[in-house]
Amino acid sequence: MIAIDILQETFWSLSANKVRSGLTILGIVIGIASVITMVSIGQGAQSSIASSIQSIGSNLIIVSPGAQRGNNVSAGRGSSQTLTVADADAIKTEIQGIKAVAPEVSRRYQMTAKGTNTNTQVVGTVPDYLTVRNVAVDSGTFITDNQVKTSSKVVVLGPTARDDLFGVGTNPIGQTIRIKNVDFEIIGVTLAKGGSGFSNPDDSVYVPLTSAQHFLSGDTFVSSISIAASDSNTIASVQQEVSDFLMKRHNIFDPQLVDFSLMNQADIIATASSVTGTFTILLASIAGISLLVGGIGIMNMMLTTVTERTREIGLRKSVGIRKEYILWQFLSEAVALTFFGGITGVLLGWIASLLVSRFAGLSTVVAPSSVMLAFGVSAGVGIIFGFYPARRAANLIPMEALRYE
Amino acid sequence: MIECKNLTKVYENGDVDTTALKAVSFHIEKGEFVAIIGPSGSGKSTLMHILGALEVPTSGTYFLDGKEVSQLNDDELSSLRQQKIGFVFQAFNLLPRTTVLRNVMLPLLYTDTTKSEREERAKQCLKYAGLEESKYYNLSNQLSGGQIQRVAIARALINNPAIILADEPTGNLDTKTSHIVMQAFQELHRKGHTIILITHEPEIADFAERIISLRDGMIESDKKK
Ligand SMILES: Nc1ncnc2c1ncn2[C@@H]1O[C@H](COP(=O)(O)OP(=O)(O)OP(=O)(O)O)[C@@H](O)[C@H]1O
Ligand SMILES: [Mg+2]
């Protein structure tokens, strides 16, 4: 009987004061939903960047042309053309502990197929690219050594490039695409790897290295050399050896003047995650501020109704209702509001993160910890500021509570 | 049943102290019908709040049924208010935005009664207090002053209290309705309830058997008919 009465009073009290209940719930909903959405965007960015870095290869070391610093003027990293296929071949034969080496020439070109066209990354490379960059073939074949030797006009499409040119899921093998007025015959499609943003492996097309040099770039340089070390423990030593070897090969003795740069995957991951970490902290502080604002909203709502509620408590006491029942009712009201608001907020935050990943193309991860934190803070604020004034009022003599202003 | 000795109430508001009651002593037997009269500000409401265990006197003692009220703890006071006392406030004090019926049933919350019993009793009491049936489901802010007054009276009657304390229960009623209400009080008196009411009107005071007159917080006269 008592429990039923408490629940009924809670229900009546909340529904008789719709504006008050509504505004309190709104504060909670906004606080929780914004925290969940913000944190999910940050965490999603972090994990998608980490996984797209993982997907570019394993035990990978990338050699890029360095900045030319002839007469104290730097033209910027990668601006010089200093790496050649011969460098790649030499690295492969001279240095121990290397599984595969793949030089590549990459650049974006406009390309056309029957009536459609797109602009995407054209990667001129060698068969070892598959090993070095963890790319797999879905249908057809990849570039062969023979095709590299003879500069064949063949092309392997990434699945996204295929979708853009020929339509989703079609099989374009045997058809041709035209890049820079040269027709290339399609011989294969690679398997989707996922990942997004810059140099997306799914949104690239692959041609033999020599074909890219002859028909597209028109010179003999390469834009990078990817090296796969045979063991993850030897990456650092292999990287050092490659560096020493290339300096000797390019006749450079002053380490200040090297014309190439080396980067391994661990470095990239570390850099990227420190960036996304900052990003997450930024979003979390925005979320924290919204939580604070939401919390102050809840608090305000609870405190502005204190006068009315104190009188109500005085009246309840004056007709002989025991203090404990009054407190149970007020606690139950505060809990009902925070839970209703909390669940709505979690749902809304979750929907918002889904919408963000759907329409903004950012992947999002709803972290249980952010849900708990947001829920905990709003519930705490709601319950403390709903309950504390009630407890104070219930301890007053009825006339004092009834006279409260 | 009610015994007051040297009841004194001083309100402290910053620097100004107001003495609302000065050493008031009297005795009321079970089943008496008492009217308290006196000019505005003479301490009538203050006395009534103390009798209703809603306010504590600054000094003096108040015995109800042989128990000293100031010695009771919070829960004992609640039981006392719920079981023995029906109080009609001068300012009515209804729950805002709440129906007439729910207001009247308020004292029955958390008691051993079913919902239908509560509604039944509430309707009886409202009828007794003379409120039209069409108003039972109105919200408390959709009523006239006189209707609010009758709801407040019905709420005081709902737990069938031994003592009914009414602070100007007819203040907002026309002569005809106030007579209906007073006849209801007389009938309750005949059934054995103790009734104490405050009024300004001599005509209303005439319904009572005993008239206590207050002036400046002191008893000026105490006459039995
Ligand atoms: N909370 C309070 N604080 C300070 N003074 C108060 C308070 N309540 C009442 N008083 C003072 O105590 C005195 C008695 O007040 P009380 O309400 O008992 O008068 P009353 O006889 O009921 O008057 P009325 O007929 O106008 O209702 C008044 O002078 C009043 O100003
Ligand atoms: Mg008064």
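Position numbers for residues count from 1 along each chain, tracking the sequence in the order it is written. For this description, chains carry letters from A and ligands carry numbers from 1, given in the order in which they are written. Given that the model is predicted, a residue must reach a pLDDT of at least 70 before its local features are reported, and side-chain atom pairs must reach 80 or more before they are shown or counted; all residues, however, enter totals for whole chains, interfaces and linings. Heavy atoms throughout the structure, all of them, feed into the side-chain values; hydrogens and water do not.

Let's talk about the coordination of the magnesium ion (ligand 2)
Residue and element names in this part refer to chain B. Using the following cut-off: Listed donors are limited to N, O and S atoms within 2.8 Å of the metal, widened to 3.2 Å for Na, K and Ca; water is not among them, so incomplete-looking sites are possible. Secondary structure elements are taken from DSSP: a helix is a run of H or I of four residues or more, a strand is a run of E of two residues or more, and numbering for both begins at the N terminus. Exposure categories follow from relative accessible area, calculated using a 1.4 Å probe and restricted to protein chains: below 20% of the type maximum is buried, above 50% is exposed, and the middle band is partly exposed.
Within the protein, the atoms that donate to the magnesium ion (ligand 2) are Ser 45 (OG) and Gln 90 (OE1), at distances of 1.9 to 2.2 Å. In this pair, Ser 45 is assigned in helix 1 (residues 44-51) and Gln 90 in the loop between strand 6 (85-88) and helix 3 (100-105), connecting sequence segments 45 residues apart. Relative accessible area serves as the criterion here: at 39%, Gln 90 is assigned to the partly exposed category.

Examining the domain arrangement of chain A
The cut-off we apply is this: Residue ranges assigned to each domain were obtained from an automatic or database domain assignment.
As far as domains go, chain A holds domain 1 (2-51 + 271-403) and domain 2 (67-258). The centre of domain 1 of chain A, based on its C-alpha atoms, is set 54 Å off from the matching centre of domain 2 of chain A.

Remarks on the interface of chain B and chain A
Basically, it comes down to this: Throughout, a residue-residue contact means that at least one pair of heavy atoms, one from each residue, lies within 4.5 Å. Put simply, buried area is the surface a 1.4 Å probe can reach on two separate parts but cannot reach once they are joined, added for both. By salt bridge we mean one thing: a side-chain nitrogen of Lys or Arg within 4 Å of a carboxyl oxygen of Asp or Glu. Polar contacts here mean pairs of N or O atoms no more than 3.5 Å apart (in protein, one a potential hydrogen donor and the other a potential acceptor; neighbouring residues in sequence count only if both atoms are side-chain atoms). Amino acids outside the nonpolar list (Ala, Val, Leu, Ile, Met, Phe, Trp, Tyr, Cys, Pro) and the charged list (Asp, Glu, Lys, Arg) are all regarded as polar, and Gly is one of them.
Listed per partner, the contact involves 27 residues of chain B and 28 residues of chain A. Where chain B abuts chain A, roughly 2,600 Å² becomes buried across the two surfaces, and 58% of that area is made up of carbon and sulfur atoms. When the area that chain B buries against chain A is broken down by residue, the three leading residues are Arg 97, Arg 102 and Tyr 110 of chain B, summing to 29%. Note that Glu 308 of chain A is salt-bridged to Arg 97 of chain B, the shortest N-O span being 2.5 Å. At the boundary of chain B with chain A, the tally comes to ten residue pairs in polar contact (both at pLDDT 80 or more). Looking at the side of chain B that touches chain A, the elements that each hand over two or more residues are helix 2 (74-84) and helix 4 (115-128) of chain B. A total of five residues in the side of chain B that touches chain A trace back to one element, the largest contributor, which is helix 2 of chain B. Among the residues making up the side of chain B that touches chain A, the classes are represented as eleven nonpolar, seven polar and nine charged.

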